[in-house]
Amino acid sequence: MTSNTPSRPAYIVTGIRTPFVKSGTQFAKVHAAELGRVALSEMLIRTGIPLSEWGALVDEVIIGNTGNPADTANIARVIALRAGLDQRVSAYSVHRNCASALESISQAALKIWYGESDIMIAGGAESMSGMPLIYNNKANKFFETMNKARSLGDKAKAFSHIPVQDFLKPRIALMEGLTDPMCGVNMGQTAEVLAKEFQISRLTQDEFALSSHLKVAKAQVENFFKDEIAPVVLPHDPETVVENDIGPRANQTMEALQKLKPFFDKKHGSITAGNSSPITDGAAMVLVCSEDGLKKLGLSPQAMIRGYAFAGCDPLRMGLGPVFSTHKLLQKTGEKLSDFDVVELNEAFAAQVLACQMAMDSEKFCQQHFNTSKIGSLNSEILNPNGGAIALGHPVGVTGTRIALTATRELKRRNKKKALVTLCIGGGQGGSMSLEAV
Amino acid sequence: MNDSQIENADLTKQKVTRMTQFFTGNAFKVNISDTLAIVDFDLDGEKVNKWDDKSLNELDQVLSKLEANKGSLSAVLFRSAKPKSFIVGADINVIQKITTKALAEEAGEMGQRVFSRVEDFPLPTIAAIEGPSMGGGTEFLLSCDYRVASDSSKTIIGLPEVKLGIIPGWGGNFRMTRLVELPTALDLILSGKALNAKKALRAGLVDEVYPEGLFVNKAMEYARTRKFKRGVITPKYSTPINKYLSNNFIGRSIVFKKTRETLEKTTRGHYPAPVKALELIEKSWGKSRAEWMKLEKEFFSELAITEISKNLIRIFFMTEAVKRESGSSLSSEEAAKVAPIKQMAVLGAGVMGAGIAYQSAAKGLWVFLKDVSYSAVGKGIQHAKKLFDKSVSRKKLTKIQAEDKLRHLRPQTDYSGFKGLDLVIEAIVEDLAVKKKVFAELESVVGENCILASNTSSLELSAISADFKNKARFVGLHFFNPVDKMPLVEVVVTDATPPENTTRAVNYVKSIGKTPLVTKDGPGFLVNRLLVPFLLEAGYIMEEGADLEKVDKEIKKFGMPMGPYELLDEIGLDVVSKISPIFEKSLGERFKASESIYKVSGDSKQKRFGKKTGLGFYKWENGKRAGIDKDNLEALTGLSLSGQKFLVSGEALANRMIYPMINEAAVVLEEKIVASAEKVDLGMIFGIGFPPFRGGLCRYADSIGLEKIIKELERMSATHGPRFKPTEALKRAAANGGTFYK
């Protein structure tokens, strides 16, 4: 698409998310599909339109998810049905790693622009607590032999070679998912590369991390998140209802952050658990409509989706993805970085956000990569005004929806016009989206 | 979608065989396919097949015709032409009309003879069962040589006769005990429990089960190709122990003895049918078919003419009628068209609110459960989860189903999404001012078609709705505690309630598996209004120095599920002492509570509110009674509760507690709180468990005679106080025919 504005606009109408909860805590036993189910059904219910009527209205449900729980092969379908949408509504899951949920909004917008759809649901659901341990190859081989063994003797023989030590060395799906198969490097290590190349000090990173916590704390005090969060009843223990994000620390201090040891490069590194986004569980949904869709629903829009772009970059420097995708986006929409009143740039790592800021504002970097002058300076005043993933956490397949939702709501609150939503993507990509308040 | 209901389902791949019409009657159509005779039961003008004189006669005729052609036939296959329904039994209207033993014997004999003829038929007979087979339907399939069933969820096979106060009368006792092992047979005959196809196969009650979609063809194939061996029938035993218990004299004696003991406990002497069935089986064991039949006929005839059976059948008809009624002036067609309740909210996640939310979610509705905090809502959802978990452990639900139902409960503390609701039920504190405030809020957040309901038990609707903008949408939905177990819901309407809204509420109650009873607004509606005099009398009886535990026992002997003191403890003494003055104020001195009730509920040392505080008239431990708290009660009230001074018992005691209810029922009927005496009975049986074998409160009154009751009330009024004074309404009812039922 080369035109500046799509001829058939797509709007973000409303959205909701579950609390974002640090993995291994309250949501440890809650399935990603259940988190998604709560977010979706809450979003639908809160419009005041009865659940039973949505089946005839919704064209499609697109859900981002990266963990692919084995028991919900197409998690979007499970979420849609459990949320109360009836059988006729089509649903599919998308995986673009850290931008899966931004991908879901992009596809919803594209189908509306193209004239195929009017009412779309886009979102993400992730339980990083729920990611499995996998038997290693030797253990798998044992099961294979066992299955093939027909006679009792064969079975006995197979049993006599139980590789006990291999059962105790499972592969950790979460860790493998966060390791880049092209360069064999963990996501945190890619951030280390940027910190060193861009010479971003530990102190600067920790200051950034602290400010993320403090901004979230301020937003909480101002009740900013209250209207976007749907409480979750733990299905196995209904007396526990999780109402708020678990992760942000209002009492975070520089002192505490400075005490942490570098996690990925113990000797020369600066990336710590404190200046990285924690592993988190959660889900988020937005409703995306055309003008016809809005009329059918009788709802008013919050923001127009002006355009999106995804672009590739060096997997070893995946954190710079937003620079590449934003460059591409601005070319598509004809906007300038200075046009934006609010920017949500996902905080995978403090170093990575800071590196993006520097690269965008660097003539040299932009000349080298885009053969253009610099993209521009990204004013810290408008960057992640309500904090980001370092405090709230980064449920990989969900964050895209969260930042689009937060940006939309922040535009409304500030009564401003334009927001840029962007994130880096494991594997060396970036995703960006331009929103305009209506 | 598992019904093969598409018009071009590929059933024709089966070898097509030519069918020859052989017989066409009003109940049966017989076709011959090769050498197989296919007898289809298709009772003219009815939705279901049932046995009456005509259909039995026609079956007899069919058998004769087939017998005349037996040389060219290999087997006879009996089927039902009614979709997913086999035979629902004998026509209950016919049984209800049997008034003499001679008529009963005639009815028994006819069925016995025809079914024995089926059993003795010279060709192999096969019953193909899809859908319910009840009573006489089951007795019929037992007389066939072989049985195949469809695995349709609608297939159930049972002998529910005892539920109507009778026993199987057409050889079912003989044939069931012969076909399945003794403990199973007793379970089926004495409790009226039915088996689904899978369980029937396991019990040996059917020989094969086929998938629903293939059933018609598979049943034909079975009848055509199976090599039939006819001879001695031996049950399939599930365990060696059951084999021993069925086959061995000592084993059987143990089973019979244990069963008798259980029956004594469950029937408490009020329900003779299962006891008679057991006696029949025990006495006839090992004897010839003729002897079984003789005794069966005798017992059946004895039972069929009892008042108990007539009462139970009447209640059966009453509940069937409620299922069809719209509850308002709407016709059943109009009633089917009113907007259904799909999404609803319950305000208040306490015991009642959580119970209502559970019951509604269990039946597939989306339910918002709202309370002031998430911790309160969470407790309510936990309550529902425990009930769902119980259903899973009892195998009534799969884990997946239970999880799905639990997901239908949405927690909330605000009014978000209320615009999309069809119904809101308020189940918050019984405080008029609070309720009025909440309803004012509700009126501003819900859509215009949303019904607003209150679960109040003691406030009048007119008081709650005094400031409503739209009174037409307001009804009472009075559930009983515990909601999941109690079958009745009072649907309370006011003069402002249009018929559509009454029916919407009635349809909702039906949709969640409860029995609706439409009542007019007024103190205590129907059930509590009639129950309160019973409860209050317990206080006066205590003041006369009664042994409370003994009184409870006597009242249970009358047939009430609980005695008055136990019931007071269950309801809560705080509740009773709070509502009595309200009742007295609007209904007069016959609702005046005794001093003793206030003394007990107002115990200054500890909260003596009944079961919920662990102490009332009884001491309660872990939700179970642990004896009357006699010493403390005596100290509190200054009474002696030894029972030495209070010697009333048996019928006289029951009269003293029940007659005030009858006295009030007359007033309620005149005030048209409910539409008829039948509805009073329905309410009392399903609302407080008034003994069904007595037919209900009004039916019981009629059986005594209203004149006699008035005389007794006058006598008690003179001895015990004016609260017993016969009401003018009762006098008018007595003068106008002498009975409540016309």
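Residue positions are given per chain, counting from 1 as you read along its sequence in written order. Whichever chain is written first becomes A and whichever ligand is written first becomes 1, with later ones labelled in order. Local features are withheld for residues below a pLDDT of 70 in this predicted model, meaning they are given only at 70 or higher, and side-chain atom pairs are given and counted only at 80 or more; totals for whole chains, interfaces and linings count all residues.

## Some thoughts on the overall build of chain A
Helix numbering and strand numbering both begin at the N terminus, where a helix is a DSSP run of H or I of at least 4 residues and a strand a DSSP run of E of at least 2. Scanning chain A from N- to C-terminus turns up 17 helices and 16 strands. What the globule rule says is 2.2 Å times the number of residues to the power 0.38, and the radius of gyration is computed from C-alpha atoms. In summary, chain A has a C-alpha radius of gyration of 22 Å against a globular reference of 22 Å for 438 residues, a match within 12%. Along the three orthogonal principal directions, the C-alpha set of chain A runs to about 75 × 55 × 45 Å. Contacts here follow a simple rule: the backbone-placed C-beta atoms of the two residues must lie within 7 Å. By sequence separation, contacts in chain A at least 24 residues apart represent 81% of the contacts at least 6 residues apart.

## Let's talk about the overall build of chain B
Helix and strand content of chain B: 31 helices and 20 strands. The globule rule puts the C-alpha radius of gyration for 742 residues at 27 Å, and the 29 Å found for chain B is close to it. Taking the principal axes of its C-alpha atoms as reference, chain B extends roughly 85 × 60 × 55 Å. Counting other C-beta atoms within 10 Å of a residue's own tells you its class, since 20 or more makes it buried, 12 or fewer makes it exposed, and anything in between is partly exposed; those C-beta atoms are placed from the backbone. Looking at chain B as a whole, 49% of its 742 residues qualify as buried. Across chain B, the fraction of contacts at a sequence separation of at least 24, relative to all contacts at a separation of at least 6, is 71%.

## Brief notes about the sheet that holds strand β2 (residues 28-33) of chain B
In sheet architecture, strand pairing relies on hydrogen bonds along the backbone and comes in two forms, parallel and antiparallel. All names here are of chain B. Strand pairing requires that DSSP identify at least two bridges connecting the strands. Taken in spatial order, the 7 strands make up an open sheet running β1-β2-β3-β4-β5-β7-β10, and their pairing is mixed. Strands at the two margins of the open sheet, each flanked by one partner only, are β1 (19-24) and β10 (208-210). Between one strand and the next, the sheet's axes are offset by a mean angle of 20°, whatever the strand orientation. Of the pairings in the sheet, the one linking strand β3 (residues 36-41) to strand β4 (residues 75-80) comprises 6 bridges and is parallel in character. Bridge pairing in β4 places I38 opposite L77. An axis is simply a line fitted to the C-alpha atoms; with a helix, the fit covers only the stretch in contact. Between two such axes, the angle follows the N-to-C directions and lies from 0 to 180 degrees. Together, β1, β2, β3 and β4 form the strand contacts of helix α1 (residues 53-68), whose direction differs from that of β2 by roughly 20°.

## Topic: the nonpolar core
A set of buried residues drawn from Ala, Val, Leu, Ile, Met, Phe, Trp, Tyr and Cys, joined through C-beta atoms within 7 Å, is what defines a nonpolar core. Ranked by internal contacts, the top residues of the largest apolar core, which has 355 residues, are A:V288, A:A404, B:L77, B:V367, B:V424, B:V491 and B:L697. Once you skip the residues sitting within four places of it in the chain, B:V424 turns out to touch B:M344, B:A345, B:L347, B:L442, B:V446, B:C450, B:L452 and B:A453.

## Notes on the packing of helix α28 (residues 677-688) of chain B against helix α29 (residues 697-704) of chain B
Residues and elements named next belong to chain B. Contact pair α28 / α29: the axes reach a minimum separation of 6 Å and the direction vectors enclose 115°. Residues A677, V680, D681 and M684 of α28 pack against L697, C698 and R699 of α29. Classes in brief: Ala, Val, Leu, Ile, Met, Phe, Trp, Tyr, Cys and Pro nonpolar; Asp, Glu, Lys and Arg charged; the others, Gly included, polar. Classifying every residue of the contact of α28 with α29 by side-chain character gives 5 nonpolar, no polar and 2 charged.

## So, the sheet that holds strand β14 (residues 423-426) of chain B
Residue and element names in this part refer to chain B. Reading across from one edge, β13-β12-β11-β14-β15-β16-β17-β18 is the order of the 8 strands in this open sheet, with mixed pairing throughout. The sheet is open, and its two edges are formed by β13 (409-412) and β18 (515-520), each paired on a single side. For this sheet, the mean angle separating the axes of adjacent strands, direction not counted, is 25°. When strand β12 (residues 366-370) meets β13, the two strands line up parallel, connected through 4 bridges. Following the sheet pairing, V367 is matched in β13 by L409. Along the sheet, helix α16 (residues 374-393) contacts β12 and β13; its crossing angle with β13, the most-contacted strand, is approximately 165°. Across the sheet, α28 lies against β17 (488-493) and β18, angled at about 125° from β18, the strand it touches most.

## Things to note about helix α8 (residues 215-225) of chain B
Residue and element names in this part refer to chain B. Within α8, burial applies to F215, A219, M220 and A223. Mapping the buried residues of α8 onto a view down its axis gives an arc of 130°, with all of them on the same face. Taken together, the buried residues of α8 touch β3, β4, β5 (125-129), β7 (146-150) and β10. Taking the helix axis as origin, the arc is that swept by the directions to the C-beta atoms.

## A closer look at the pairing of β2(B)
All names here are of chain B. Examined bridge by bridge, β1 and β2 share 5 bridges and lie antiparallel to one another. Across the sheet, residue T24 finds its bridge partner in β2, namely K29. Between β1 and β2, which follow one another and run antiparallel, lie 3 residues. Turn length for the β2-β3 hairpin, with the two strands adjacent in sequence and antiparallel, is 2 residues, and the turn residue D34 shows positive phi of about 55°.

## Focus on the environment of B:Q382
Tracing the chain through its elements places B:Q382 in helix α16. Separated by 203 residues in the primary sequence, B:Q382 and B:L179 place their C-alpha atoms 45 Å from one another. Apart from residues lying up to four places away in sequence, B:Q382 is in contact with A:P238 and A:E239.

## So, the environment of B:G614
Structurally, B:G614 is set in the loop between α25 (595-601) and β19 (618-621). Expressed as a C-alpha distance, the spacing of B:G614 and B:K624, which sit 10 residues apart in the sequence, is 9.2 Å.

## Some remarks on the interface of chain B and chain A
Between chain B and chain A, the contact holds 20 residues from the first and 18 residues from the second. In terms of residue count, the dominant contributor to the side of chain B that touches chain A is α16(B) (8 residues). When grouped by side-chain class, the residues that make up the side of chain B that touches chain A number 6 nonpolar, 7 polar and 7 charged.

## So, unusual backbone geometry
Backbone torsion omega between B:N481 and B:P482 reads -5°, so that peptide bond is classified as cis. In this structure, B:P482 sits in the loop between β16 (474-479) and β17. At A:N415, a residue that is not glycine, the phi angle is positive and equals roughly 55°. One can find A:N415 in the loop between α17 (399-414) and β15 (418-425). When the 8 C-beta atoms within 10 Å are taken as the criterion, A:N415 is described as exposed. A positive phi angle, close to 50°, is found at B:F525, a residue other than glycine. Assignment of secondary structure puts B:F525 in the loop between β18 and α21 (527-543). Owing to 27 C-beta atoms within 10 Å, B:F525 belongs among the buried residues under this scheme.

## Description of the confidence of the model for chain B
Per-residue confidence for chain B gives a mean pLDDT of 93, with 97% of residues at or over 70. Among the scores for the predicted complex, ipTM is 0.91 and pTM is 0.91. Per-residue confidence from the predictor is given as pLDDT, running between 0 and 100.

## Considerations on the environment of B:G108
By the secondary structure assignment, B:G108 is in helix α3 (residues 101-120). For B:G108 and B:R699, which are 591 residues apart along the polypeptide, the C-alpha to C-alpha distance reads 28 Å.

## Remarks on helix α24 (residues 573-587) of chain B
All names here are of chain B. With 15 residues, α24 should cover 21 Å at 1.5 Å per step; its first-to-last C-alpha distance of 20 Å lies within 8% of that length. The angle between axes fitted to the seven residues ending at a residue and the seven residues starting there is what we call the bend at that residue. Largest kink in α24: about 25°, centred on I579, with the proline P581 one to four residues after it. Every buried residue of α24 is accounted for by L573, V576, I579, S580 and F583. Looking one or two places after α24, you find G588, whose phi comes out positive at around 100°. A helix's residues, less one, multiplied by 1.5 Å, set its expected span.

## Some thoughts on the pairing of β4(B)
Residue and element names in this part refer to chain B. Buried residues dominate β4, accounting for 6 of its 6 residues. The pairing of β4 with β5 spans 3 bridges and is classified as parallel. Paired with F78 across the strands is A127, a residue of β5.

## Notes on the packing of helix α6 (residues 182-191) of chain B against helix α10 (residues 249-267) of chain B
Residues and elements named next belong to chain B. One way to put it is that α6 packs onto α10 with a least axis distance of 11 Å and a crossing angle of 25°. For the element pair α6 / α10, the angle class is roughly parallel. Crossing hand, α6 versus α10: right-handed. Taken together, the residues of α10 that come into contact with α6 (itself represented by L182, P183, L186 and L190) are R252, V255, T259 and L263. Partitioned by chemical class, the residues of the contact of α6 with α10 number 6 nonpolar, 1 polar and 1 charged. Oblique is the label for any angle not under 35 degrees, not over 145, and not in the 65 to 115 range, which are roughly parallel, roughly antiparallel and roughly perpendicular in turn. In this scheme, a crossing is called left-handed if the near helix is turned counterclockwise away from the far one by less than a right angle; it is called right-handed if the turn is clockwise.

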